[in-house]
Amino acid sequence: MGFRSAGAMLRLLVWAAFLLGCCHGRFVVEKNSLKVTAPDDLKGTYECAIGNFGVPQYGGTMVGFVAYPKANKKACKSFEDFDISYKAKPGAFPTFLLVDRGDCYFTKKAWNAQNAGAAAILVADDKDEPLITMDTPEESGRADYLENITIPSALITKSFGDRLKKAIDNGDMVNVNLDWREALPHPDERVEYEFWTNSNDECGPKCDSQIDFVKSFKGAAQVLEKKGYTQFTPHYITWYCPEAFILSKQCKSQCINHGRYCAPDPEQDFSKGYDGKDVVVQNLRQVCVFKVAKEHKKPWLWWDYVTDFAIRCPMKEKKYTKECADGVIKSLGLDHKAIDKCIGDPDADEENPVLKAEQDAQIGKGSRGDVTILPTLVINNRQYRGKLDKGAVLKALCAGFRETTEPAVCLSEDIQTNECLENNGGCWQDKAANITACKDTFRGRVCECPVAKGVKFVGDGYTHCEASGSGRCEINNGGCWKDTRDGRTYSACTNDGCKCPDGFKGDGKHKCEDIDECKERTACQCKECKCKNTWGSYECGCSGGLLYMKEHDTCISKNGATETGWGFLWVIFFGLVAAGVAGYAVYKYRIRRYMDSEIRAIMAQYMPLDNQGDVQSHSHHIEM
């Protein structure tokens, strides 16, 4: 048996031992829902498994109709060879191509369907079994088209596929809705995600796609982490060597800590290049870089380290070493000694607490299954399925935020369409005040009355929103009537609603009309009065040179008014004088009474007064 086949066999044994040692683990197939809306006998919601390639529309939906080819039913050949096209015409439903499983890779089927113009591909299983995850080929010589697959894919059960084919054969138009909105949990305003990866750069296209993703996603990941929108944790898969093989050459070259933590040989050839144990140590170093950086409240430095290490220390240039890694660590200003302490002794016959924690984390908990595929993203404890691409992954992360809490990057044109731009999303708006109830979210728009300039609007958000509380009149006059004429402004806005001001009548919202007080005889009613209506008020005057008294609504003679006025002033003057004299007399009288009482009190201490005959003496008698 050659080294390559022996290594492959050992990896199988190691993984089998891992699963047997962790019997409670399980693999969970990530799913989305497929809703059939026509024909009637197929209406309902069905489960389908998300393919681990292409771009699933996390947080969104797709509507289309199902087509089943009459030729090339397994889609293993180009549809151009059969002169078949599924490109949708303008205004028409997109095509979801249904194909059969078998004869070629899932990715090949998806690529051929995409080139034929299909918007998505549904693969019907060829046997009755639970749904599985359609993954990419493991062979290192796989085709380059994998990175260019953009349509979403889903595996459906054989029984459901048979029903779809029967309906199409009968001439029915099968309308479906692919829904990824609940494919990922979105409980709050922060997304927690994990990236299960590997420092090995000699595993072919999969390793290349991992490092390309890290390089392209680094900027977005660091911004999200620094601003507290996400909580990121990197992880690394390791295996352990079965006890019977611990002393074998294969285990010694692929494992550290006496077979406890292993990784496959990078070149799958034990006679050249780096060994699996070198990969394990570098994986451990990357975990420790993250732990130390996190302790210093800079966890985002992991992205810098992994990117720089891949550039500066590749296996092909024989730089995949501790010395090169230390240079990267030093350049980032990380604590070198703390990282070495975290790594520990790879030759010790004991558990490494860091790698033990990584192995424990591989086991599925809650809604998340075992991590068995590299690379794997876990978002809000649910495994991501799809292309490892910056745009696709960012869409998935954005789907993990609670609605209306997404960061601005999730609402950019590159990620989603702003539904509020067209017809204001069908929500209420006040164009004059530039206020709208439409809020764009990653999953679509919501109609919710806004808070503008500290003023809360209330209503259903669709047809009606109204400012409430104090300050409401500061925004578009609270939606009430307001007008200005001849330099005078009147408003119907109050803290309680819209009410026409005095001098006007109307609903207060759309109009207030001037009241003609002269015509309605509500002002200037005396016989000699002359009334002139003004906007919002009135003016009263008198005929014949008379003077108008507004408080009495009467007209009086100007001379009489003058005489009366002076007489009134004299009365007031003499009244004030009389009051002053009377006050002074009272004051003098009270002072005199007070002084008399004080004098009498003093004299009573020295001699009896006439009116004190009956008063007993209070003098003291001294006995000798």
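Data block above holds the structure.
In this report, the structure presented in the accompanying data block is examined. Since we're looking at a predicted model, the values are computed, not measured. Residue indices follow the written sequence of each chain, beginning from 1 at its first position. Restriction of local features to residues with pLDDT of at least 70 applies here, the model being predicted, together with a cutoff of 80 or more for giving and counting side-chain atom pairs; totals for whole chains, interfaces and linings are based on all residues. The side-chain numbers reported here are obtained from all heavy atoms of the structure, hydrogens and water having been left aside.

A short note on the overall build of the protein
What counts, and what does not: Each helix is a run of H or I in the DSSP string that is no shorter than four residues. Each strand is a run of E no shorter than two, and both are numbered from the N terminus. Only protein chains enter the accessibility calculation, which uses a 1.4 Å probe; a residue is then buried when its area is under 20% of its type maximum, exposed when over 50%, and partly exposed in between. Contacts are assigned to residue pairs that have any heavy atoms within 4.5 Å of one another. Calculation of accessible area relied on Shrake-Rupley with a 1.4 Å probe; when residues are assessed, cover is drawn exclusively from the protein chains displayed.
Scanning the protein from N- to C-terminus turns up twelve helices and 30 strands. For the protein, with 624 residues in total, the buried portion stands at 45%. Counting only contacts in the protein whose residues sit at least 6 apart along the sequence, the fraction spanning at least 24 positions is 63%. Accessible surface computed for the protein: about 34400 Å², of which carbon and sulfur atoms make up 52%.

Looking at the packing of aromatic side chains
Each aromatic ring pair is summarised here by two numbers: the centre-to-centre distance and the angle between the ring planes. This is how it is decided: Stacked, edge-to-face and tilted labels apply to pairs of Phe, Tyr and Trp rings (six-membered ring for Trp) whose centres lie within 6.5 Å, assigned for plane angles under 30 degrees, over 60, and everything in between, in that order.
In total, this model carries 20 aromatic pairs according to the counting rule given. Measuring from ring centre to ring centre gives 5.3 Å for F504 and W535, while their planes differ by 80 degrees; the resulting arrangement is edge-to-face. Separated by 31 residues along the polypeptide, F504 in strand β25 (residues 504–506) and W535 in the loop between β27 (529–534) and β28 (537–542) bring together distant segments of the chain. Assessed through its relative accessible area of 6%, F504 is described here as buried. Taken together, the ring pairs connect Y193, F195, F213, F217, F232, F290, W302 and W303 into an aromatic cluster.

Remarks on a negative patch on the surface
Just so we agree on the cut-off: Surface patches are defined over residues having more than 30% relative accessible area and no salt bridge, joining like charges when they lie within 9 Å and nonpolar side chains (Val, Leu, Ile, Met, Phe, Trp, Tyr) when within 5 Å. One side-chain nitrogen of Lys or Arg within 4 Å of one carboxyl oxygen of Asp or Glu is enough to make a salt bridge. Lys and Arg are tallied as positive, Asp and Glu as negative. Neither His nor the chain termini are counted. A single reference atom marks each charge: NZ on Lys, CZ on Arg, CG on Asp, CD on Glu.
A cluster of acidic residues, D144, E147, D208 and D212, forms a negative patch at the surface. Residue placement: D208 occurs in helix α4 (residues 205–226).

A closer look at helix α10 (residues 353–362)
Going by this rule: Starting at the helix axis, one direction is taken to each C-beta atom, and the arc is that of these directions. Polar contact criterion, stated in full: a pair of N or O atoms within 3.5 Å, where within protein one must be able to donate a hydrogen and the other to accept it, and residues adjacent in sequence count only if both atoms are side-chain atoms.
For α10, the complete set of buried residues consists of V354, L355, E358, Q359, A361 and Q362. One face of α10 carries all of its buried residues, which in axial projection span an arc of 160 degrees. With a side-chain oxygen lying 2.9 Å from the backbone nitrogen of V354, the N-terminal cap of α10 falls on N352.

Observations regarding the packing of α4 against helix α7 (residues 301–312)
Axis angle and axis distance: for two packed helices, these are the angle between their axes and the distance between the axes, and together they describe the pair. Put simply, the rule reads: All axes are obtained by fitting lines to C-alpha atoms, using only the stretch in contact for helices, and the reported angles, taken between N-to-C directions, cover 0 to 180 degrees. Here the angle decides the label: under 35 degrees means roughly parallel, over 145 means roughly antiparallel, 65 to 115 means roughly perpendicular, and every other value means oblique. Rotating anticlockwise by less than a right angle from the far helix to the near helix defines a left-handed crossing, while the corresponding clockwise rotation defines a right-handed one. Amino acids outside the nonpolar list (Ala, Val, Leu, Ile, Met, Phe, Trp, Tyr, Cys, Pro) and the charged list (Asp, Glu, Lys, Arg) are all regarded as polar, and Gly is one of them.
As a packed pair, α4 and α7 sit with axes 9 Å apart at the nearest point and diverge in direction by 150 degrees. On the basis of the axis angle, α4 is roughly antiparallel to α7. For the pair α4 and α7, the sense of crossing is left-handed. On the side of α4, the interface is formed by I211, V214, K215, F217, K218, A221 and Q222, while α7 contributes W303, D304, V306, T307, A310 and I311. Taken together, the residues of the contact of α4 with α7 break down into eight nonpolar, two polar and three charged.

Brief notes about the state of the cysteines
For the record, the criterion: Cysteine sulfur atoms that pair up within 2.5 Å are treated as a disulfide.
Applying the stated criterion across every chain, the model contains 17 disulfides. Through a disulfide, C241 is tied to C251; the S-S separation comes to 1.5 Å. When the S-S torsion is 60 degrees, as for the bridge of C241 with C251, the disulfide is right-handed. Of the two residues, C241 is situated in the loop between β9 (230–236) and α5 (249–254) and C251 in helix α5; the sequence distance between them amounts to ten residues. Looking at C251, the relative accessible area reads 3%, which means it is buried. Covalently, C500 is tied to C512 through a disulfide, its sulfur atoms 2.1 Å apart.

Topic: the sheet that holds β9
Counted only if it meets this: When DSSP finds two or more bridges between two strands, those strands count as paired.
Pairing within the open sheet is mixed, and its four strands lie in the order β9-β8-β12-β13. Because the sheet does not close on itself, it has two edges, and the strands there are β9 and β13 (382–383). Contacts from α4 reach β8 (191–197), β9 and β12 (376–379), with the element oriented near 155 degrees to β8. Taken strand by strand, α7 contacts β8 and β9, and its axis lies near 40 degrees from that of β9.

Here's the deal with the pairing of strand β5 (residues 120–124)
This is how it is decided: Handedness rule for crossovers: strands pointing away from the viewer, path from the first strand over the helix to the second running clockwise, crossover right-handed.
Among the five residues of β5, five are classified as buried, and the element is accordingly described as predominantly covered. Side chains A120, L122 and A124 of β5 all project onto a buried face; the interleaved residues I121 and V123 project onto the opposite face, where all are buried too. Pairing geometry for strand β4 (residues 95–100) and β5, over five bridges, is parallel. Paired with D100 across the bridge in β5 is A124. Where the polypeptide runs from β4 across helix α2 (residues 106–115) and back to β5, its parallel neighbour, the crossover connection is right-handed. The pairing of β5 with strand β6 (residues 153–156) spans four bridges and is parallel. The residue bridging A124 from the neighbouring strand is I156, located in β6.

Here we look at the nonpolar core
This is how the line gets drawn: Side-chain atoms within 4.5 Å are what join buried Ala, Val, Leu, Ile, Met, Phe, Trp, Tyr and Cys residues into a set we call a nonpolar core. The split into domains, and so the bounds of each, comes from an automatic or database assignment of domains.
Membership of the largest hydrophobic core comes to 88 residues, with the highest contact counts inside it found for L178, Y193 and F217. Two domains each donate at least three residues to this core, and these are domain 1 (29–178) and domain 2 (189–408). Not counting residues up to four positions away in its chain, the partners in contact with F217 are Y193, W303, K390, V393, L394 and L397. Core analysis: the second largest hydrophobic core is formed by 24 residues, V29, A75, A110 and W111 among them.

Some remarks on the side chain of R472
Assignment of secondary structure puts R472 in the loop between β20 (465–468) and β21 (482–485). A distance of 3.2 Å separates the side chain of R472 from the backbone oxygen of G478, its partner in a polar contact. Here the side chain of R472 touches G497 through a polar contact of 3.3 Å, landing on its backbone oxygen. Each residue touching R472, except ones within four places of it in the same chain, is listed here: V455, E466, A467, N477, G478, C480, C493, T494, N495, G497 and C498.

Some words on the sheet that holds strand β7 (residues 175–179)
The seven strands are arranged β1-β2-β6-β5-β4-β3-β7 in a closed barrel whose pairing can be described as mixed. Put simply, the sheet's adjacent strands are angled 40 degrees from each other on average, direction ignored. Sheet analysis places strand β3 (residues 61–67) next to β4, joined by three bridges and oriented parallel. The partner of V66 across the bridge, within β4, is F96. The sheet strands contacting α2 are β4 and β5, and the helix crosses β5 at an angle near 140 degrees.

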